[in-house]
Amino acid sequence: MLYPIENEIRQVKSLDGIWRFKKDNQMEQGFEEKWYEKPLKGFSDMPVPASYNDITTDKELRDHVGWVWYETDAVIPRSWMKDQRIVIRFGSVTQHAVVYLNGEEIARHKGGFLPFEADITDKVHEGKNRLTVAVSNLLDWSCIPSGEYKFVKNWLYPEGHWEQEYFFDFFNYSGIHRPVRLYTTPLSYVSDVTVKTTIEGTDGIVSYEIETAGASSEQPVHVVIRDEQGEVVAHGEGQKGKIIINNAHLWGPGAAYLYQFDITYGENSAENTDHYTLPFGVRTIEVTEKEFKINGKRFYFKGFGKHEDSDIRGKGLDQALNVRDAELLKWMGANSFRTSHYPYSEEMMQLADRQGFVIIDEVPAVGMNLFIPNAPDVFTPERVNEKTLEHHKTVLRELYQRDKNHPCVVMWSVTNEPHSSEESARTYFTEVVKQIRSLDDTRPVTGVMCVDVQEDNISQLFDVVCINRYFAWYLHTGRIETIYPMMKKDLEDWHAKYHKPVIVTEYGADTIAGMHKLPEVIFSEEYQVSYLEENNRAIDSCDFVAGEHIWAFADFMTSFGLRRIDGNKKGIFTRQRQPKAAAFAIRKRWLEK
Ligand code: BDP
């Protein structure tokens with residue numbers, strides 16, 4: 001799905017701002033009473049984009065499980081009403097959305113982290129149009145992430161309410177999380193483009209395919225490729241083809257270089273001409289038994305698992321926060337991160353393209369383990385089942401459609417910590433991996449594992465082994481001396497079993513910023529430093545390890561529980577993006593490595 005852009009032909013109008021908002025206190029009162037048919041009554045103010053949970057002082061709204069309603073006016077200029085398409089696009093709504101325009105349903109979307117859009121050309125009038133969005137955060141086994149919920153009515157809750165069980169370690173922030181935009185295209189328009197690159201000698205070979213739609217299918221397609229100075233360096237004709245960029249500038253980690261793929265559909269002066277420009281990079285990826293290679297050179301992942309998470313706005317897009325995070329990553333000497341545990345905003349992916357960060361792009365298939373150890377089987381008809389698989393595949397397709405042209409995306413991650421010892425997990429992930437490989441033949445695929453190496457039953461499906469490890473944290477808590485021998489042996493065992501490069505995608509220790517103890521004890525800043533040092537010593541002793549991603553970049557909010565005091569504190573930075581002691585130690589390591 002193309003990102004909406006503005007140029008001399010296409011226009012974009014943001015609907016972000018303060019919307020009208022109302023919580024549904026019952027099971028589905030809003031649908032029963034058809035709240036979308038008339039202006040919302042009894043509403044309060046709610047910013048978009050943002051999670052609604054931490055905006056107000058209302059505990060019930062913070063912890064709300066079920067539906068909420070948003071409403072705003074979509075104002076259409078008169079000049080838009082003639083000879084063009086009008087599309088509404090949501091960057092993401094978490095987790096489910098039903099969208100109405102002037103009381104009529106125009107879109108439905110399941111899945112909280114990917115965009116969706118609807119052509120509303122025939123449904124709008126000039127001036128104000130009432131836009132209503134019903135949003136639910138309920139998660140069942142047909143969703144990723146999966147969850148379990150029920151409507152409970154008892155003497156404690158005589159009115160009844162939804163109760164939700166989660167199997168993942170981040171707060172289920174909800175709401176309209178990313179920009180809402182209206183945009184226009186001509187009636188004949190560029191609907192999609194796929195750009196793939198290889199390198200031959202010093203040339204970049206660009207294979208492309210453009211999809212068009214709408215009124216006229218007979219129009220010519222012209223392509224020009226511009227360099228960063230705006231100079232035309234190559235061009236092509238037709239919807240599909242190969243273009244050579246002589247002496248191409250490569251896109252590389254920490255050395256981004258973006259060309260513009262400039263498409264004109266139709267004759268330049270004609271009324272129905274469309275114009276779309278896509279930034280792309282020329283780069284290649286390759287995986288050997290021990291190495292991950294970008295542009296033919298060994299690449300070592302230094303970085304983090306992250307979250308989209310901050311005070312007040314929760315998971316709502318915050319460009320200031322994203323740029324701050326990118327600054328901190330650079331300051332640390334980090335070159336990469338994983339979008340744990342769901343696709344991040346398109347704006348973050350664009351930032352990574354521009355700044356040269358390397359991304360492992362993950363779908364929200366997290367928690368398919370009911371929190372190991374002692375988990376019962378998860379890949380069963382009652383839990384992760386055919387419906388989950390269907391949705392998992394849909395999400396992979398949507399993610400691929402959204403992110404396929406980003407040079408920063410170097411690998412797909414199809415899951416985080418599934419109960420991968422089950423026989424049926426293998427059948428399930430065989431299908432999942434088949435899906436992503438059928439869509440993309442240019443990027444390696446991984447899944448992030450947490451079970452013991454002898455028990456893992458699925459990593460043979462992947463190109464790179466990714467593991468999360470918490471020795472001397474969840475296992476042998478506080479016994480720093482166990483880390484080196486256990487980690488080293490574990491890494492060697494994974495490599496011996498699969499003969500693939502291994503990335504440690506998580507290792508970390510909860511650390512209360514400002515808590516100091518000598519000698520170190522758990523939760524102190526000193527413990528986090530020693531813990532990471534010992535892990536790194538083991539990592540450095542294995543030449544097949546292709547990277548280290550510390551868990552986590554910054555402290556983040558989780559559901560409330562006895563193991564989580566105001567969230568997960570494994571950040572190297574606080575939730576406010578200030579460094580703990582470990583940041584300085586790791587910075588030194590990464591700037592030298
Ligand atoms: C891992 C999960 C991650 C958690 C982390 C932890 O992948 O989501 O936040 O553990 O416990 O199992 O801190």
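Because the structure is a prediction, the values reported are computed rather than measured.

Trainee: Give a description of empty space enclosed by the protein that names residues and reports values.
Mentor: If you walk through the whole model with that rule in mind, you get 3 cavities of 30 Å³ or more. In this model, the largest cavity occupies a volume close to 90 Å³. In terms of lining, the largest cavity is formed by 16 residues, of which the most central are Glu308, Asp309, Gly316, Leu321 and Asn322. A per-class count over the lining of the largest cavity returns 4 nonpolar, 5 polar and 7 charged. Computed from the structure, the second largest cavity encloses a volume of approximately 50 Å³. Only strand S8 (104–110) and helix H5 (386–403) provide two or more residues apiece to the lining of the second largest cavity.

Trainee: Requested: an account of helix H7 (residues 483–498), with residues and values cited.
Mentor: Here H7 spans 22 Å end to end across 16 residues, near enough to the 22 Å set by a 1.5 Å rise per residue. Looking only at H7, the buried set comprises Ile483, Met487, Asp490, Leu491, Trp494, His495 and Tyr498. Projection of H7 onto a plane perpendicular to its axis shows the buried side chains occupying an angular sector of 130°, all on one side. Buried residues along H7 sit against strand S29 (445–449), strand S30 (465–468), strand S31 (502–506), helix H8 (525–540) and strand S32 (545–551).

Trainee: Tell me about the layout of surface pockets, and please be specific about residues and values.
Mentor: Within this model, the second largest pocket holds a volume of roughly 840 Å³. Lining the second largest pocket are 26 residues, and of these Asp63, His64, Val65, His161 and Trp162 lie nearest its centre. Going through the elements one at a time, helix H2 (59–62) and strand S12 (161–166) are the ones with two or more residues in the lining of the second largest pocket. Among the elements that take part in the lining of the second largest pocket, S12 stands out by supplying 5 residues, more than any other.

About the thresholds
- Numbering of residues starts from 1 in each chain and follows the order in which that chain's sequence is written.
- Local features in this predicted model are restricted to residues whose pLDDT is 70 or higher, and side-chain atom pairs enter the listing and the counts only when it is 80 or higher, whereas totals over whole chains, interfaces and linings include all residues.
- Only heavy atoms go into the side-chain values, all of them from the structure, while hydrogens and water stay out.
- Definitions used for this entry: grid spacing 1 Å over protein atoms alone; cavity, a set of points where a 1.4 Å probe fits but cannot get out; pocket, an open set with protein on both sides within 12 Å along at least 5 of 7 lines; lining residue, one with an atom within 4 Å of a point.
- Grid points are joined across faces, edges and corners, and a volume is the space filled by probe spheres set on the points.
- Here the term charged refers only to Asp, Glu, Lys and Arg, the term nonpolar to Ala, Val, Leu, Ile, Met, Phe, Trp, Tyr, Cys and Pro, and the term polar to all other amino acids, Gly among them.
- Secondary structure counts use DSSP, requiring at least four H or I residues in a row for a helix and at least two E residues in a row for a strand, with both numbered from the N terminus.
- The span you would expect from a helix comes to 1.5 Å times its residue count less one.
- Partly exposed describes any residue whose relative accessible area lies between the buried limit of under 20% and the exposed limit of over 50%, with all areas from a 1.4 Å probe on protein chains only and scaled to the type maximum.
- In this description, the arc belongs to the directions extending from the helix axis to the C-beta atoms.
- Contacts are assigned to residue pairs that have any heavy atoms within 4.5 Å of one another.

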